[in-house]
Amino acid sequence: MMMLIRLYNVSKVYPNGAVGLLNVDTYIRQGEFVFLVGPSGAGKTTFMNLLTRQVLPTQGQVIVDGRNVVRMRPSEVPYLRRAVRMIFQDYKLLPNKTAYENVAFALRVTEANPRQIRARVMESLELVGLAWKARAYPGELSGGEQQRVSIARAIVGDPTILLADEPTGNLDLDTSWGIMELLLRINKRGTTVIMATHNRSIVNGMMRRVIELDGGKIVRDDERGAYRREADHGMVLPG
Amino acid sequence: MRLTTVWYFLAEGWHSARRNVSLISLGTIAASLFVLGAVGLILMNLNHISQLLQARIEIRAFLEDDLSPEGVAAIRAQIQATDGVAQVTFVSKDEGLRRLRGQLGEHAGILDVVGENPLPDAFDVRVEDPDCTAQVAARISRIPGVLSVNYGRGFTEKLLATMRLVGVAGAAVAVLFVAAVVFIVGNTIRLTVISRAREIEVMKLVGATDWFIRWPFLVEGMVVGLVGAAVSGLLLFAGYKVTVRYITGLAPFIPVITAPEPVAALCITLLIMGVLMGAVAGGVFVKRYLRV
Ligand SMILES: Nc1ncnc2c1ncn2[C@@H]1O[C@H](COP(=O)(O)OP(=O)(O)OP(=O)(O)O)[C@@H](O)[C@H]1O
Ligand SMILES: [Mg+2]
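A. Summary view of the coordination of the magnesium ion (ligand 2). All names here are of chain A. Each protein donor to the magnesium ion (ligand 2) is listed here as T45 (OG1) and Q89 (OE1); together their distances run 1.9 to 2.3 Å. One end of the pair, T45, is in helix α1 (residues 44-51); the other, Q89, is in the loop between β6 (84-87) and α3 (99-108), and 44 residues separate them in sequence. Relative accessible area serves as the criterion here: at 42%, Q89 is assigned to the partly exposed category.

B. Examining the layout of surface pockets more closely. All names here are of chain B. Its volume calculated, the second largest pocket comes out at about 250 Å³. Lining of the second largest pocket is provided by 14 residues; of these, I42, N45, Y240, T243 and I247 occupy positions nearest its centre. Elements with a minimum of two residues in the lining of the second largest pocket: α2 (23-55) and α9 (210-250). Partitioning the lining of the second largest pocket into residue classes produces 11 nonpolar, 3 polar and no charged.

C. Structural view of the site of ligand 1. Residue and element names in this part refer to chain A. Lining the immediate environment of ligand 1, one finds 14 residues, of which S40, G41, K44, T45 and T46 sit closest. Backbone polar atom of G43 to an oxygen atom of ligand 1: 2.9 Å apart, as the coordinates give it. One of the side-chain nitrogen or oxygen atoms of T45 is found 2.6 Å away from an oxygen atom of ligand 1. When ligand 1 sits alone it has 630 Å² of accessible area, and the protein chains cover 65% of it. Looking at the shell around ligand 1, the elements with two or more residues in it are β2 (19-29) and α1. Top element by residues in the shell around ligand 1 is α1. It accounts for 3 residues. Its residues assigned to classes, the shell around ligand 1 shows 4 nonpolar, 9 polar and 1 charged.

D. Highlighting the packing of helix α5 (residues 143-155) of chain A against helix α6 (residues 173-188) of chain A. All names here are of chain A. At a minimum axis distance of 12 Å, the contact between α5 and α6 shows a crossing angle of 5 degrees. When the interaxial angle is binned, α5 and α6 end up roughly parallel. Side by side, α5 and α6 meet where R148, I151 and I155 of the first sit next to T175, I179, L182 and I186 of the second. Looking at the contact of α5 with α6 residue by residue, the class counts come to 5 nonpolar, 1 polar and 1 charged.

So, how was this worked out
- Residues numbered from 1 in each chain as written.
- Chains lettered and ligands numbered in written order.
- Predicted model: local features only at pLDDT ≥ 70, side-chain atom pairs only at ≥ 80, totals over all residues.
- Heavy atoms only, no water.
- Donors = N, O, S within 2.8 Å, 3.2 Å for Na, K, Ca; no water.
- Helix = DSSP H or I, 4+ residues; strand = E, 2+ residues; numbered from the N terminus.
- Buried < 20%, exposed > 50% of the residue type's maximum accessible area, 1.4 Å probe, protein only.
- 1 Å grid on protein atoms, 1.4 Å probe; cavity = no way out; pocket = protein on both sides within 12 Å on 5 of 7 lines; lining within 4 Å.
- Points joined across faces, edges and corners; volume = space filled by probe spheres on them.
- Nonpolar A, V, L, I, M, F, W, Y, C, P; charged D, E, K, R; others polar.
- Near = heavy atom within 4 Å.
- Polar contact = N/O pair within 3.5 Å; in protein donor to acceptor, adjacent residues only side chain to side chain.
- Areas by Shrake-Rupley, 256 points an atom, 1.4 Å probe, with all protein chains shown as cover.
- Axes fitted to C-alpha atoms, helices over the stretch in contact; angles between N-to-C directions.
- Parallel < 35°, antiparallel > 145°, perpendicular 65-115°, else oblique.
- Contact = heavy atoms within 4.5 Å.

Dropping the structure here:
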């Protein structure tokens with residue numbers, strides 16, 4: 001299988017001294033579905049931000065789909081971000097645009113054909129169950145609804161890689177499983193999915209590869225893992 | 001670029017302009033463009049007047065005394081045959097004196113002191129092309145029987161010098177006001193960019209190129225420039241009409257431009273300039289504040 005993502009000894013220390021990531025060496029294969037777990041502040045978001053060049057590493061190299069993200073020219077970055085879409089932990093919707101326009105924006109930047117834009121945006125909003133709120137502005141939507149708009153925007157262009165940062169953070173259990181089903185379907189269509197989550201039952205229910213971060217380091221990488229090392233299969237540990 | 005994308009940029013720029021542009025900045029832009037247009041109108045009129053005056057420039061060829069009527073007729077024929085001459089009129093010494101009296105007005109008494117008419121007979125010569133006045137005058141002066149040749153050299157040169165001065169001053173004022181307009185539009189857009197820094201960051205995260213983000217600001221600049229120019233153009237057109245009526249009532253001998261076409265052309269130029277300046281301000285200024 002092809003290595004779609006490769007991190008070579010990557011560290012990210014923020015200007016204020018906070019450690020985002022420390023000597024991380026890993027790879028992700030094309031078509032994989034990977035959970036990124038670990039306590040708050042472990043470096044999950046930092047890991048994802050490095051892949052879309054929202055932050056640059058202070059050390060090491062990041063290769064995505066054959067391209068070195070660190071050495072990439074600024075003019076190439078937009079194209080990287082169209083291939084690697086992200087569901088942001090804080091949604092990052094455009095406040096002056098409707099739900100429809102927010103999703104459409106991801107296609108507009110690629111100058112897609114207008115009929116295609118309409119069809120795909122509506123399809124995408126339907127998949128997250130929000131077609132009926134297409135005309136609403138983010139300020140008129142609940143947190144969970146905004147999150148689903150953010151999901152619709154990330155999946156609308158069939159990206160090569162989907163980075164889902166806590167995509168179920170604001171959703172009830174039923175909707176969360178609906179979103180999981182959606183992410184699995186997208187993964188089946190060929191998109192590599194990396195999902196950061198604190199949702200124990202989802203991770204345990206899926207039996208997928210789990211990378212656990214703590215203090216910026218990879219402390220565990222199981223092919224068919226659980227949310228916590230061994231514990232969840234047998235007895236329940238506190239935490 | 002796709003047509004939908006163009007429409008998208010136009011709509012975005014238009015909405016952003018409506019949200020962000022204050023009446024004060026729009027008023028300042030309109031005022032600046034108004035002054036710019038007024039300078040243009042003054043220059044146009046000076047040019048118009050100078051052309052009319054140049055067309056009236058005549059050469060006066062004074063004749064030697066004691067020429068026979070046949071001799072005078074021969075000289076007339078020779079002048080008529082000279083290259084560049086349009087029209088020749090005989091001015092007898094008495095006629096010349098009468099005109100001189102008229103020009104001197106209240107100082108005409110001085111001629112009575114002189115006593116005898118000091119003026120020779122003369123021909124007034126009108127030339128085909130005012131720019132060639134000097135050459136034609138030189139040719140006529142070589143004709144035998146012509147005593148001396150006189151043409152409004154000093155006046156022509158003064159007029160041209162004045163024109164040049166007004167032109168330079170006008171250009172300086174124009175540059176100043178163009179800079180002012182670009183600065184005001186640029187500042188308006190700078191504020192938009194700053195207030196939308198987070199939005200711009202999100203757009204970049206979703207894969208927008210710098211140009212995709214810049215275009216709506218460019219359009220916004222053009223909208224602001226266009227509206228400002230339209231307001232100033234209308235005011236200028238109306239204001240000029242009133243001014244012309246005032247001037248022609250007060251001093252009808254000043255040949256100001258009264259036809260609407262040149263004024264309309266100026267207003268359209270102003271419109272185009274407003275759009276261009278807005279585009280420059282939108283395109284260039286935004287680039288400096290786009291770093292995310
Ligand atoms: N922009 C930043 N500037 C400074 N420090 C930062 C910045 N972003 C993250 N950090 C720090 O880097 C560390 C890792 O943060 P990160 O956001 O990657 O954690 P996370 O695993 O996503 O946490 P959570 O589960 O709460 O989302 C934290 O200590 C955090 O304070
Ligand atoms: Mg995070």
